[in-house]
Amino acid sequence: MAEEDKKRSLVFAVNGERFELPSVDPSITLLEFLRTQTRFKSVKLSCGEGGCGACVVLLSKYDPVHDKVEDHNVSSCLTLLCSINGCSITTSEGLGNSKSGFHPIHQRFTGFHASQCGFCTPGMCVSLFSTLVNAEKTNRSDPPTGFSKMTVSEAEKAIAGNLCRCTGYRPIADACKSFAADVDIEDLGFNSFWSKEENKEIKLNRLPLYNPSNEICTFPEFLKIENSSAMSLDSERYNWYFPGNIEELQNLLNVHDSNKWTEKKLVVGNTGTGYYKEIESYDRYIDLKYIPELSMIRMHETGIEIGAAVTISKAIEALKEENQRDFLTRGENVFRKISNHMEKIASGFIRNTASVGGNLVMAQRKHFPSDLATLLLAVDSTVEIMSGPRREKITLEEFLERPPLEINSVLLSINIPNWSSNRKPSQQENTMLLFESYRAAPRPLGNALPYLNAAFLAEVTPSNTSGRILVNHCRLAFGAYGTEHAIRATRAEQFLSGKTLNNEVLYKAVKLVRDSVVPEDGTVSPAYRSSLAVGYLFEFFSPFIDTRDKAIDGFLDESKPTSLVRAFKSAENQDQFHLNNIPTLLSSAKQDIEFSRENYPVGEPISKSGASLQASGEAIYVDDIPSPTNCLHGAFIYSTKPLVRVKSISLEPKQQLDGVVGVISSRDIPEAGENLGSRSMFGGELLFANDLTDSAGQRIALVVADSQKHANIAAKLAVVDYGLEDQEPPILSVEEAVRRSSFYEVPPFLYPKQVGDVSKGMAEADHKIISAKVINTLIFHYLNVCLYYGSSKLCVYIMDHLSWTLMPSFYYVQFKLDSQYYFYMETQTALAVPDEDNCMVVYSSCQCPEFAHSVIAKCLGIPEHNVRVITKRVGGGFGGKALKAIPVATACALAAHKLNRPVRMYLDRKTDMIMAGGRHPMRITYNVGFKSDGKITALELEILVDAGMSVDVSAILPKNILATLKKYDFGALSFDIKVCKTNNPSRSAMRAPGEVQGSYIAEAVIEHIASFLSLEVDSVRSRNLHTYNSLSLFYEQSAGEVLEYTLPSIWDNLAISSSFNQRTQTVKEFNRSNRWRKRGISRVPIVYQVTMRPTPGKVIILRDGSVAVEVGGMELGQGLWTKVKQMAAFALASIHCEGTENLLDKVRVIQGDTLSVIQGGFTAGSTTSEASCAAVKLCCDILVERLTPLKERLEQQMGPIKWEMLVFQGHTQAVNMAASTLYVPDLPSMQYINYGAAVSEAKVNLLTGETTILQVDMIYDCGQSLNPAVDLGQIEGAFVQGIGFFMLEEYLLNSDGLVISEGTWTYKIPSLDTIPKQFNVKIMNSGHHKNRVLSSKASGEPPLLLAVSVHSAARDAIKEARAQLLSWSGSVDKSSSIFNLDVPATMPVVKELCGLDNVECYLEWSLGKK
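Residues numbered from 1 in each chain as written. Predicted model: local features only at pLDDT ≥ 70, side-chain atom pairs only at ≥ 80, totals over all residues. Heavy atoms only, no water.

Concerning the overall build of the protein
Inference 1: For the protein, the count of helices and strands is 46 helices and 43 strands.
Inference 2: Expected size for 1410 residues packed as a compact globule is a radius of gyration near 35 Å; at 32 Å, the protein falls within 12% of this value.
Inference 3: C-alpha atoms of the protein, sized along the principal axes, occupy 105 × 95 × 80 Å.
Inference 4: In the protein, once contacts between residues fewer than 6 apart in sequence are set aside, the share between residues at least 24 apart is 78%.
Inference 5: Accessible surface, the protein: about 50,000 Å² in total, of which carbon and sulfur atoms supply 50%.
Inference 6: For the protein, the separation between the mean place of its 142 positive charges and that of its 159 negative charges on side chains is 2 Å. (Helix = DSSP H or I, 4+ residues; strand = E, 2+ residues; numbered from the N terminus. Rg over C-alpha atoms; globule rule 2.2 N^0.38 Å. Contact = heavy atoms within 4.5 Å. Areas by Shrake-Rupley, 256 points an atom, 1.4 Å probe, with all protein chains shown as cover. Lys, Arg positive; Asp, Glu negative; His and termini not counted. Charge placed at Lys NZ, Arg CZ, Asp CG, Glu CD.)

The structure is reproduced here in structure tokens:
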């Protein structure tokens, strides 16, 4: 290549290494390049949307003019490779590694137990590193030794956009905060560096030292030199253009016909592709970042002008620079509040590359629900656009209302006016400016689209005499509520202008706003979104109305006119002091760990095995395995309709030429094979649909191509021709399944037994709630309709005219529980490699490789000894990598078998979500009898479980549901549980399958009874806790000895440690004093039965004394390898040689291999770790028994001997140094019960429905924990996953049963800003479990059930809100306490129950209209 061409090549650095690419596909992303063309695999693909942070890297740019390096983290899955020309990339491997030494970030993540499955950890580390690097560039004072200039608040926000499904975030936050200059070391949680009783100085010295001056160089010198020589890119070669000015841009835009939208793409950050997925290709990419006019920020007296290519992060910085003084002008206050709101747009690693102009153009052209558009509309911003040679400046409002911007038109800049430059000179001197912005979203810190956003600006004049406020004029902007673009509520603006604020004026204004903010048809929760608009307007203006009422909750509550004016002036400049103590997301948390060193190193809270490798990105997952030569890639084509005939599948003609090798379907299964995708003991599931699909989302075929990208594109563009004729309607509900008698058989030995005599129990009851009274169901239906459409007044009317003698059956005695998606960070993946002699080696991310092994052999029609399935580690499972992983491995094996080439597959997030199935939905109906004191005498249940199109493991659901539902003494219990076969996606086991629903059902019954009797819920719970005798009746042999029943002591101790009774009174006082925020508190127990299963183990001692261990259980992030290592070291140490006290470092647990260790079964049910430990202990006992005679002989000859000598002699003297066994639990230890309890306190915002979890206190009985650090991580992580189920996660289907919650935009798992503010956990070491593995107990699933306490606390708060709503109507009816809170209790659900028109009801009440 000529020297001149080399200079114009794409050049960049990764971890200090130089890369020069002579040619590249301009559509390739940085992530794709890193993962397929470099050895750096720490950068993970998880969502592909910029919504999870697993792919985050540090991008560094050099400014040769100012000799300055800019560093910021970016989402590599959206960053196009050509856009990083001349830049440097740093991944987690670049920070440190096992060979050159781990970075303090890696060490602290390990020591704070902040990595479980580890798939998200490298991205977390880079996000933190980016914050550390930029904090060091500030002019803050030097921090203490070992710390950075970063603040605690910045540390938390550093990883606020990163998702983790395992840990529950608390240990991650602690690891990050440990670097902060202002951290209180005593606030940091449980870790491996110090014990809590040690003093502060010792703790500081134990932390891995962080020295900013020794930090790695993020931008290598060789790249600085090349940047200094004006690096450029050969545009024609790369189809990537860098116009240097507007004229060059115009020339590029005019090259082709402007109607050909797909020919050219304007690029700044490319973040829009995270929302609007692109599969089309472009002829040319035009990078706008290097046009000075588009990248400038100009600050002038009349405002700030921001170029359209300026990133959102840069815009935030500029707006903040305008208000660095101690006291702000009113215009600067507006800038500050806009910047604060902008920090809630997406996440930091998206804002760092997303442009202001790109966001607004998406809003204008594609109706993107933009926050920016609403903010800038409220402050009367203007924009400049260029269409061909013509340039014009128009208001943002005009811009949004125009037809979609044509491809040849470009947004050039945005001007935000400075409201300090008063546009009305005649204004009175005391005229003041109010500006506030609002957004209601599932995540407070962003990384979630809002249900509605709003921004209000008003110029008002206070009266020094009357205390009233005159609205001179105002601008009220609303957006993202299900409309084409942000709008102004002009009728309300006109009405308010010139009015003096009072409740009557505000009442009329909110009516006008409700009429203006009307979502379009098809918008989810339309009434809720309209109610948000009303609530925000009320929140904005109501503090400035002299209500003479203190109970206005967070709004200004001055009662005297002069005080009101002072408060008003304070409000205009609120938060104007630039304080260093910025509020943090989380409070200090306590972890009270009881552990024993009796069985050292078992019981020690050592760090998770491999955690440092996970942090640095060196841990190998299936998709990290280098592709073998000639490797192909697969992508599924799935059905979008249930019960239809597949006539044909065709690919777009272009795709035939774009790397596609073929399409694999059921017709390609060998003659001796079976169309089998997975199998359990209850039945199998097809690999591919035959002629007729069973459900939407069912696999139809597999596209095989030369890359994953080409395979995915071809699958998305595949055209499936369906035949709809002569087919009966699909079964899409459990009700329809019952009507058509469509059920799966539950084996009798799995169906639980009834308890007691229900008829007798019902006869003894003082009260009964019966589900059969139809009239009350109809009343409930009408009330539901009224609430949905926002008419609390009509609800009140109906309630006032009801005959409440029928009240027992009015409550929701029938309710539904919906599904939940696993959201493992690593999606389903496998690699199949053909081997000699018709063999197949498959690498699978699977919880049950043994089952995958068997299914692959049956599908291919070959003996099982020709198949080998290898699983090293799994990037999160939660049950979803059990049977649901098998079809992926099998499809790869089938394609590899047919094509005789390696085939691998890594499902994109959308496909994974559509096929995953998830948790079982169900419908529950019950009758219950009880005494006047709340003691239950009998419970009858009818439960319909939606199992979907195949049985999977659904037949275990009845057993599992009842196992946790029986946690209370119901007197007598009968049930009818039907497992329904429908044409919905097949459901599978998900963490605590059936158990979480069963526990919730029990709580729903308890809540109902308490509401009916007007008793405190906690008293009814306490009244129905089991005695040991009733426990033995309900759980029979699982109950164990009387000392093992620790729940009563847990229940009482938790009340004391959490100050439950005192806090209950505090909550009541808060609710009396606050109108628009209500708190609730709840204490909930769990009784969770688990089963030990046979588990294999294998231990070999090598010649140098090192030990290799293999078990049937897979490492999913639950710490199984760690516990197994500890057990091996403990058991082998019983030989009592010199050096055996340090055996832990000599033990390695190796990958699962189905031809090495067989009968591995499932890694599921919370007990695989302890069963694997039991198997390993048996192996070690065998080895110790073999070595003991040799040791005794050697000691007689030589005296005390070292472990290494004993092992060497064992090998020399032909002692068998390998042992394998199958642990089979005996009957007394096969089943046992776990106990725990939690107190949760939550706060509900009555205007938005937002629930904030203030505090959680938990006590959990771990028996004698095998590793308290691992168990603590499981407890916290399970609880937070339970929060997702109960409060956040909506896994929705369309009318055909196709999943429509298909990515991070629509499915919201918990994030750092949605977990408990304070999370206190005590692990109780009860030690009364001698029949089990060193007295240990399970921790993986049971704590998830305790998250229902958050749901119950929210319900408690909502009950207060409903009582208040009824009081405004003058009603004293008890009906307000009887309601059902859906699962999940999302913001729309909560707000609906608090009253969609509660603002209007309040204002009517305050005006005396009722």
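Okay, back to it.
Overview of the pairing of strand 10 (residues 303-307)
Inference 1: Counting buried residues in strand 10 gives 5 out of 5 residues, a clear majority hidden from the surface.
Inference 2: Alignment of strand 9 (residues 297-300) against strand 10, held across 4 bridges, turns out to be antiparallel. Bridged to arginine 298 within strand 10 is glutamate 305.
Inference 3: Between strand 9 and strand 10, which follow one another and run antiparallel, lie 2 residues.
Inference 4: One ladder, built from 5 bridges, connects strand 10 with strand 13 (residues 409-417); its direction is antiparallel. Within strand 13, the residue paired with glycine 307 across the bridge is serine 413. (Buried < 20%, exposed > 50% of the residue type's maximum accessible area, 1.4 Å probe, protein only. Pairing = 2+ DSSP bridges.)

Some remarks on helix 20 (residues 503-516)
Inference 1: Compared with the 20 Å implied by 1.5 Å per residue over 14 residues, the 20 Å span of helix 20 between its first and last C-alpha is a close match.
Inference 2: When helix 20 is considered as a whole, its buried residues turn out to be Asn503, Val505, Leu506, Tyr507, Ala509, Val510, Leu512, Val513 and Arg514.
Inference 3: Those residues of helix 20 that are buried lie in contact with strand 16 (469-479), helix 19 (490-496), helix 21 (526-541) and helix 46 (1398-1406).
Inference 4: The backbone nitrogen of glutamate 504 lies 3.0 Å from a side-chain oxygen of the residue at the head of helix 20, namely asparagine 502. (Expected span 1.5 Å × (residues − 1). Polar contact = N/O pair within 3.5 Å; in protein donor to acceptor, adjacent residues only side chain to side chain.)

As for the packing of aromatic side chains
Inference 1: Enumeration according to the criterion identifies 50 aromatic pairs in this entry.
Inference 2: Note on phenylalanine 19 and phenylalanine 33: the rings are 5.7 Å apart at their centroids and 85° apart in plane angle, and the pair reads as edge-to-face. With a gap of 14 residues between them, phenylalanine 19 in strand 2 (residues 17-21) and phenylalanine 33 in helix 2 (residues 30-37) connect regions that are remote in the sequence.
Inference 3: Residue phenylalanine 19 is classed as buried on the basis of its relative accessible area, which comes to 15%.
Inference 4: Residue class for phenylalanine 33 comes out buried when judged on its relative accessible area of 1%.
Inference 5: When the ring of tyrosine 276 is compared with that of phenylalanine 368, the centres are 6.4 Å apart and the planes differ by 65°; the resulting orientation is edge-to-face. Within this pair, whereas tyrosine 276 is found in the loop between strand 7 (264-267) and strand 8 (284-287), its partner phenylalanine 368 is found in the loop between helix 16 (356-366) and helix 17 (371-378), the two being separated by 92 residues in sequence. (Phe/Tyr/Trp six-rings, centres within 6.5 Å; stacked < 30°, edge-to-face > 60°.)

Notes on the pattern of salt bridges
Inference 1: Overall, the coordinates contain 75 salt bridges when judged by the stated rule.
Inference 2: For arginine 488, the salt bridge identified is with glutamate 493, shortest N-O distance 2.5 Å.
Inference 3: With a shortest N-O distance of 2.7 Å, glutamate 604 and arginine 597 are connected by a salt bridge.
Inference 4: The buried category is assigned to glutamate 604, whose relative accessible area is 9%.
Inference 5: Among the charged side chains, a salt-bridge network with shared partners connects Glu156, Arg170, Asp174, Lys177 and Glu1276. (Salt bridge = Lys/Arg side-chain N within 4 Å of Asp/Glu carboxyl O.)

Side note on the packing of helix 13 (residues 312-321) against helix 14 (residues 330-342)
Inference 1: Interaxial distance between helix 13 and helix 14 falls to 8 Å at its minimum, and their mutual angle equals 150°. As judged from the angle between their axes, helix 13 and helix 14 are roughly antiparallel. Of the two possible hands of crossing, helix 13 and helix 14 adopt the one that is left-handed. Touching Ile312, Ala315, Ile316, Leu319 and Lys320 of helix 13 are Phe335, Ile338, Ser339, Asn340 and Met342, all from helix 14.
Inference 2: Looking at the contact of helix 13 with helix 14, its residues break down into 7 nonpolar, 2 polar and 1 charged. (Axes fitted to C-alpha atoms, helices over the stretch in contact; angles between N-to-C directions. Parallel < 35°, antiparallel > 145°, perpendicular 65-115°, else oblique. Left-handed = near helix turned anticlockwise from the far one by under 90°. Nonpolar A, V, L, I, M, F, W, Y, C, P; charged D, E, K, R; others polar.)

Describing the sheet that holds strand 24 (residues 699-705)
Inference 1: Overall, mixed pairing links the 8 strands, which are arranged 21-24-19-31-28-29-30-39 in an open sheet. Strand pairing shows two members of the sheet lacking a second neighbour, strand 21 (660-664) and strand 39 (1152-1153), which therefore form its edges.
Inference 2: Taken together, the 6 bridges between strand 28 (residues 829-835) and strand 29 (residues 839-844) define a ladder with antiparallel strand orientation. By the bridge assignment, valine 833 is partnered in strand 29 with valine 841.
Inference 3: Strands strand 19 (632-638), strand 21, strand 24, strand 28, strand 29 and strand 31 (903-906) of the sheet are contacted by helix 30 (residues 886-899), whose axis makes an angle of about 30° with strand 28.
Inference 4: Docked against the sheet, helix 31 (residues 909-916) engages strand 19 and strand 24, running at close to 50° with respect to strand 19.

A closer look at the state of the cysteines
Among covalent bonds in proteins, the disulfide is the one between the sulfur atoms of two cysteines.
Inference 1: Here the structure, examined in full by the defined rule, presents 0 disulfides.
Inference 2: Lacking any disulfide linkage, cysteine 166 is separated from the closest cysteine sulfur, that of cysteine 117, by 3.8 Å.
Inference 3: Of the residues examined, cysteine 166 reaches a relative accessible area of 6% and is grouped as buried. (Disulfide = S-S within 2.5 Å.)

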